[in-house]
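# Structural features, examined
So you can see what is in the structure, the chains are spelled out below.
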Amino acid sequence: MSLYDAASPELDQLLQTRINKFVQKKLQVRLFGLLSLLAVVAVFAALVCSLAQHRLAEQWLGVQFATSRVLAEAPTLDTAAPAILQSICESLGWDLGDLWTVNFDTQRLEYIQSWGSASAKSSEFQADNPDMTFESGVGMNGLVWSTGEAIWIADVTKDHRFLRSDMAFRSGLRSAFGFPIKAGDQVVGVMSFFNRTIRKPDANLIQMMSTVGSQVGQFIKRKQVEEALELERRQSEATLREQEELLRMALGAARMGLSGTGILLPEKKSGLERLPRFLVKILIRKAQPMKTSSNGFIQMIEPLWSRPRI
């Protein structure tokens, strides 16, 4: 037996061992490379997610600031609505926005204002809005009103909850999103937005818009209170003017000795029910003795008439 034959098994075993180690190291290198690649992808995905969240936060802050600024400067909801809708559409990528408020006398949602981008073919859809009203629970807006919850429709052409699907399709609109405008727990209106592409529901956006709905709802409630106070002020002024006119009539009649015309007589209280209560009591108590004395009435009423008005 030669020396080569004797050493051959050991050489083969050594060579195989070296090959196995090489293959193992190669696999380790590949595994390390794969893990490194996965780590890079994870970091990139986290970065993209962080940037997306940061961008969304910036958009949200922009919408919230714009809404607060418009509501602070606008005298009425009619003037504020277009700017609010435009800000939301441009910041969050919607092509058309509508604002509706609840008429509690008729129990219907009524159209207030809308805004659409120049690229949205929505003129027919927008033109139909002023003639539209919604009952509670009818259509997307009516359902938002009745439930007090946001509704997102990814494709209006395939959802029975959207009543004007054919018109929306002709106008190039596909997705719809509606959310309630609330004052406390009460729904006082609805805002709805539309997009030309199919958009899947976005939970973050829905949560964000609930805050905008509360801002607009507080504005509506504040304006309603202001309008009620203004109406009360006007009614009080009208009543005061009427009372002053009655006093002028009574004073003029007393100066001319016309106490018997019925202005002063307690049994003929023409106009007395519209006078201040304290004056009615004085007139009824003292009218009878003054039937023959107009000067007595003048002396009694003139200090009241000349009293400084607060």
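Please refer to the structure higher up on the page.
The grouping of Leu31, Leu34, Leu35, Leu37, Leu38 and Val41 at the surface amounts to a nonpolar patch, some 570 Å² of accessible area in total. You can see Leu38 is positioned in helix α1 (residues 3–73). A relative accessible area of 49% means that Leu38 is categorised as partly exposed.

Another point: the layout of surface pockets. Quantified by volume, the second largest pocket comes out at close to 320 Å³. Taken together, 14 residues line the second largest pocket, and the ones lying closest to its centre are Leu77, Ile220, Lys223, Gln224 and Glu227. For the lining of the second largest pocket, the secondary-structure elements that each account for two or more residues are α2 (77–92), β1 (96–103) and α6 (203–255). Ranked by residue count, the leading element in the lining of the second largest pocket is α6, at six residues. Of the residues in the lining of the second largest pocket, the class split is seven nonpolar, three polar and four charged.

It is worth spelling out empty space enclosed by the protein at this point. Evaluation of the coordinates by the stated rule reveals one cavity of 30 Å³ or more. Estimated volume of the largest cavity: approximately 80 Å³. Every residue lining the largest cavity is listed: Phe134, Gly139, Met140, Asn141, Phe162, Leu163, Arg164, Ser192 and Phe194. Elements with a minimum of two residues in the lining of the largest cavity: α4 (139–147) and β6 (186–195). Ranked by residue count, the leading element in the lining of the largest cavity is α4, at three residues. Residues of the lining of the largest cavity, tallied by class, amount to five nonpolar, three polar and one charged.

Before going further, it helps to examine the nonpolar core. Counting residues in hydrophobic clusters, the biggest one holds 31 residues, and the most contacted among them are Ile88, Leu99, Met191 and Val216. Taken together, the elements giving at least two residues each to this core come down to α1, α2, β2 (108–116), β5 (175–183), β6 and α6. For this core, the leading source of residues is α2, giving eight residues. Once you skip the residues sitting within four places of it in the chain, Ile88 turns out to touch Val63, Gly93, Met191, Phe193, Met209 and Val212. Ile151, Val156, Val190 and Phe194 belong to the second largest nonpolar core, which has 21 residues in total.

This next bit is on the sheet that holds β5. Taken in spatial order, the six strands of this open sheet run β3-β2-β1-β6-β5-β4, and their pairing is antiparallel. Each of the sheet's edge strands pairs with one partner strand only, and the pair in question is β3 (133–134) and β4 (151–153). By the bridge criterion, eight bridges tie β1 to β2 in an arrangement that is antiparallel. Bridging from a neighbouring strand, Gly97 pairs with Trp115 of β2. Contacts from α2 reach β1, β2 and β6, with the element oriented near 55° to β2.

An ideal rise of 1.5 Å per residue puts 22 Å on 16 residues; α2 measures up with 22 Å between its terminal C-alpha atoms. Note on α2: the residue one or two positions beyond its end, Gly93, has a positive phi of about 80°.

The subject of this paragraph is the environment of Asn195. Among the structural elements, Asn195 can be located in strand β6. By relative accessible area, Asn195 is classed as buried at 5%. C-alpha separation for the pair Asn195 and Asp155, spaced 40 residues apart in sequence, amounts to 9.7 Å. What Asn195 contacts, discounting residues up to four positions off in sequence, is Gly93, Trp94, Asp95, Leu173, Arg174 and Ser175.

Conventions used here
Residues numbered from 1 in each chain as written. Predicted model: local features only at pLDDT ≥ 70, side-chain atom pairs only at ≥ 80, totals over all residues. Heavy atoms only, no water. Patch = residues over 30% accessible without salt bridge, like charges linked within 9 Å, V, L, I, M, F, W, Y side chains within 5 Å. Areas by Shrake-Rupley, 256 points an atom, 1.4 Å probe, with all protein chains shown as cover. Salt bridge = Lys/Arg side-chain N within 4 Å of Asp/Glu carboxyl O. Helix = DSSP H or I, 4+ residues; strand = E, 2+ residues; numbered from the N terminus. Buried < 20%, exposed > 50% of the residue type's maximum accessible area, 1.4 Å probe, protein only. 1 Å grid on protein atoms, 1.4 Å probe; cavity = no way out; pocket = protein on both sides within 12 Å on 5 of 7 lines; lining within 4 Å. Points joined across faces, edges and corners; volume = space filled by probe spheres on them. Nonpolar A, V, L, I, M, F, W, Y, C, P; charged D, E, K, R; others polar. Core = buried A, V, L, I, M, F, W, Y, C linked by side-chain atoms within 4.5 Å. Contact = heavy atoms within 4.5 Å. Pairing = 2+ DSSP bridges. Axes fitted to C-alpha atoms, helices over the stretch in contact; angles between N-to-C directions. Expected span 1.5 Å × (residues − 1).

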